[in-house]
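# Topology and contacts: notes
Here's the letter readout for the chains.
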Amino acid sequence: MSSSAQIGVTGLAVMGRNLARNFARNGFTVAVHNRTAAKARALVDEFGDEGEFVYTETAKDFVAALERPRRLVVMVKAGEPTDAVIKEFAPLLEPGDMIVDGGNAHFADTRRRERELRELGIHFVGTGVSGGEEGALNGPSIMPGGSAESYAALGPMLEKISAKAADGSPCTAHIGPDGAGHFVKMVHNGIEYADMQLIAEAYQLLREVAGYSPAEIADIFRTWNRGRLDSYLIEITAEVLAHVDAATGKPFVDVVADRAEQKGTGRWTVQIALDLGVPVSGIAEAVFARSVSGHTELRAASRDLAGPVAEPLSKEAAAAFADRVEQALYASKIVSYTQGFHEIAAGSAEYGWDIDLGAVASIWRGGCIIRAAFLDRIRAAYDARADLPSLLADEGFAREIGAAQDDWRAVLVAATQQGVPAPGFAAALAYYDALRAERLPAALTQGQRDYFGAHTYRRTDREGSFHTLWGGDRSEVEA
Ligand SMILES: NC(=O)c1ccc[n+]([C@@H]2O[C@H](COP(=O)([O-])OP(=O)(O)OC[C@H]3O[C@@H](n4cnc5c(N)ncnc54)[C@H](OP(=O)(O)O)[C@@H]3O)[C@@H](O)[C@H]2O)c1
């Protein structure tokens, strides 16, 4: 077999198959391989006219088909299957070759795999890929980690197949060493959870407080999509809300079971944030909201609990309320991204990745699920000041969130009074108010900790650690 393929893809389920086609459509010769070889055969039979494919049946043939340095993309089920594939292919590779894991791996696994393969001289490129099957085919947002050397050999190909932002720049960039790419993909998914939750809360408020129908709310979302909330998720929300179930003639959203599922990356974002000590309350509420929705028995057992009597709004009041919800949604979205970027900055500092936050915002502008006009603003904020301590420290965002805050608060008052849960909006506002606060009750928390556990505290007026003799004469000692 001649070593003619510039890249190889193993794992040809929906993502791998479409990624392989994307490479081929962009002029690359692609070797294809799958544990169940029939899938590789089917791909070539069905899409062979889209470009140059090299069908391979065995791992040995697959590796032999690749030009050097070999670029081997793995798109298999994340977890043990990835380790199994690495175990199968690594002995067949040579120093300088690279294994590119495009699955949704946990970044800690990526760090381990990178370390193990580095010892063999093989580059391991843990790569986040976002955009689902459509993105994989037509241009995803791609977040590769790994060595700079591997990016030099792989990056130009990824830049070619990735989505392009409105200004034409590719939605991929070298994120940083070892697990950096998968870490950023994880936080991307956490922000996606938060975005979806906030949109869902806006919908619920428009429906239950303002009294709009799903079709009317679809129109409201379409209007919002022409403004500063312009994004893929708002666009598809309007589509979903406008859809009518063919079997019943009811709004589609009314016939779907209200139990949200999750695959795990949102949960990882929160778990890692807890480890890093980063408050990602908006993302956490989004994960918990899905969890609450899934507890059907608990919900059934609680259905008769007392709640307020709903008071319908007049038509004029409903329209005014919808405008306020837009403000609350936008302000809460700024907070979600603030928290997500904080987590990326913290991960980067912890693992020495030196991640360029502006570049991350830039490559999320196209191809991925959270693509939005808004990301241009985030990129500009980091371009203006790379060491921005928080997105809320950006003058433009601070001004906008300040202008939104009255409406944001009013929406939460209405939600509370009408008994409509809005945990994402509420968590975002609480975070905003906590950051603004001159004094937090954490001082009291420290006092309590010192009382029951002699955990000591610091004072505002002088250096050092102190303990009060609570059980004695309550004098203070330096700890
Ligand atoms: N679906 C999405 O929207 C999306 C988006 C971004 C990232 N991802 C990630 O992309 C990866 C692929 O996703 P997917 O939905 O296309 O496929 P998937 O259902 O996650 O995985 C199926 C593929 O994995 C292979 N596989 C499973 N166990 C294996 C093993 N022990 N050894 C070798 N191959 C094995 C299967 O081969 P056989 O055909 O032989 O069973 C098949 O090719 C996953 O890591 C996923 O998390 C998915």
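Worth saying up front: this structure is predicted, and the values here are computed from it rather than measured.

### Examining the UniProt feature "active site" (unreviewed entry) in the chain
- Taken from the UniProt record, the annotation "active site" (unreviewed entry) applies to K185 and E192.
- Here K185 is to be found in helix α8 (residues 180-208).
- At 2.8 Å, the side chain of K185 and the side chain of N104 are in polar contact.
- Within the secondary structure, E192 is located in helix α8.
- Once residues lying within four places of it in the same chain are set aside, the contact partners of E192 are L233, I369 and I370.

### What to know about the sheet that holds strand β2 (residues 30-33)
- Read across the sheet, 7 strands follow the order β3-β2-β1-β4-β5-β6-β7 without closing on themselves; strand pairing throughout is mixed. Of all strands in the sheet, those with a lone pairing partner are β3 (53-55) and β7 (141-144), marking the two edges. Ignoring which end each strand starts from, the neighbouring axes of this sheet average 25° apart.
- One ladder, built from 4 bridges, connects strand β5 (residues 98-101) with strand β6 (residues 123-130); its direction is parallel. Looking at the pairing, M98 lines up with H123 of β6.
- The sheet strands contacting helix α2 (residues 37-47) are β2 and β3, and the helix crosses β3 at an angle near 145°.
- In the packing of α8 onto the sheet, contacts are made with β5, β6 and β7, and the angle to β6 comes to roughly 15°.

### Considering helix α4 (residues 80-89)
- Within the sequence span of α4, burial applies to T82, V85, I86 and F89. Down the axis of α4, the sector holding all buried residues measures 100°, keeping them to one side. In α4, the exposed positions that point more than 90 degrees away from the buried face belong to E80 and K87.

### Some points on the site of the ligand
- With respect to spatial proximity, 19 residues lie near the ligand, and among them M15, N34, R35, T36 and K39 are the closest.
- In the model, an oxygen atom of the ligand is placed 3.3 Å from a nitrogen or oxygen of the L12 main chain.
- The contact in question runs from an oxygen atom of the ligand to an N or O atom on the backbone of V76, over 3.0 Å.
- In isolation the ligand offers 900 Å² of accessible surface; the protein chains occlude 77% of this area.
- If you list the elements that add at least two residues to the shell around the ligand, you get α1 (14-25) and α4.

### Focus: the packing of aromatic side chains
- Inspection of every chain in the model, using the stated rule, returns 16 aromatic pairs.
- With a centroid separation of 5.1 Å and an interplanar angle of 40°, the aromatic rings of Y451 and W470 are classed as tilted. Of this pair, Y451 sits in helix α20 (residues 442-453) while W470 is found in the loop between β8 (466-468) and β9 (476-478), placing the two residues 19 residues apart along the sequence.
- Put simply, the rings of F107, F183, Y351 and W353 pair up and form one aromatic cluster.
- A cation over a ring is seen here: R290 above Y193, with NZ or CZ 3.7 Å from the ring centre.

### Examining the UniProt feature "binding site: substrate" (unreviewed entry) in the chain
- Those residues carrying the UniProt feature "binding site: substrate" (unreviewed entry) are N104, S130, G131, G132, H188, N189, Y193, K263, R290, R449 and H455 in this numbering. These annotated residues cover 352 residues of sequence, and their C-alpha atoms reach 48.5 Å apart at the extreme, placing them across more than a single site.
- Position of H188 among the secondary structure elements: in helix α8.
- Each residue touching H188, except ones within four places of it in the same chain, is listed here: S130, W364, C368, I369 and I370.

### Overview of the side chain of S332
- Within the element layout of this structure, S332 appears in helix α15 (residues 315-351).
- Residue class for S332 comes out buried when judged on its relative accessible area of 0%.
- When neighbours within four sequence positions are excluded, S332 is seen to be in contact with L198, W408, F425 and A428.

### Overview of the domain arrangement of the chain
- With domains assigned, the chain is organised as domain 1 (7-174), domain 2 (185-211 + 256-436) and domain 3 (441-478).
- Here the C-alpha centroids of domain 1 and domain 3 sit 56 Å apart.

### Focus: the environment of V335
- Here V335 lies in helix α15.
- For V335, a relative accessible area of 1% puts it in the buried group.
- Distance in space between the C-alpha atoms of V335 and A165 is 23 Å, their sequence separation being 170 residues.

### A look at the pattern of salt bridges
- Applying the stated criterion across every chain, the model contains 32 salt bridges.
- Close ionic contact of D219 with R222 constitutes a salt bridge, the shortest N to O distance being 2.9 Å. Of the two residues, D219 and R222 are both situated in helix α9 (residues 214-224); the distance of 3 residues between them amounts to about one turn of the helix.
- Residue D219 is classed as partly exposed on the basis of its relative accessible area, which comes to 44%.
- Classification of R222 as partly exposed rests on a relative accessible area of 33%.

Reading guide: rules and limits
- Residues numbered from 1 in each chain as written.
- Predicted model: local features only at pLDDT ≥ 70, side-chain atom pairs only at ≥ 80, totals over all residues.
- Heavy atoms only, no water.
- UniProt positions renumbered as here; feature names shortened; annotations may be inferred.
- Helix = DSSP H or I, 4+ residues; strand = E, 2+ residues; numbered from the N terminus.
- Polar contact = N/O pair within 3.5 Å; in protein donor to acceptor, adjacent residues only side chain to side chain.
- Contact = heavy atoms within 4.5 Å.
- Pairing = 2+ DSSP bridges.
- Axes fitted to C-alpha atoms, helices over the stretch in contact; angles between N-to-C directions.
- Buried < 20%, exposed > 50% of the residue type's maximum accessible area, 1.4 Å probe, protein only.
- Arc of directions from axis to C-beta.
- Near = heavy atom within 4 Å.
- Areas by Shrake-Rupley, 256 points an atom, 1.4 Å probe, with all protein chains shown as cover.
- Phe/Tyr/Trp six-rings, centres within 6.5 Å; stacked < 30°, edge-to-face > 60°.
- Lys NZ or Arg CZ within 6 Å of the ring centre and 35° of its normal.
- Domains from an automatic or database assignment.
- Salt bridge = Lys/Arg side-chain N within 4 Å of Asp/Glu carboxyl O.

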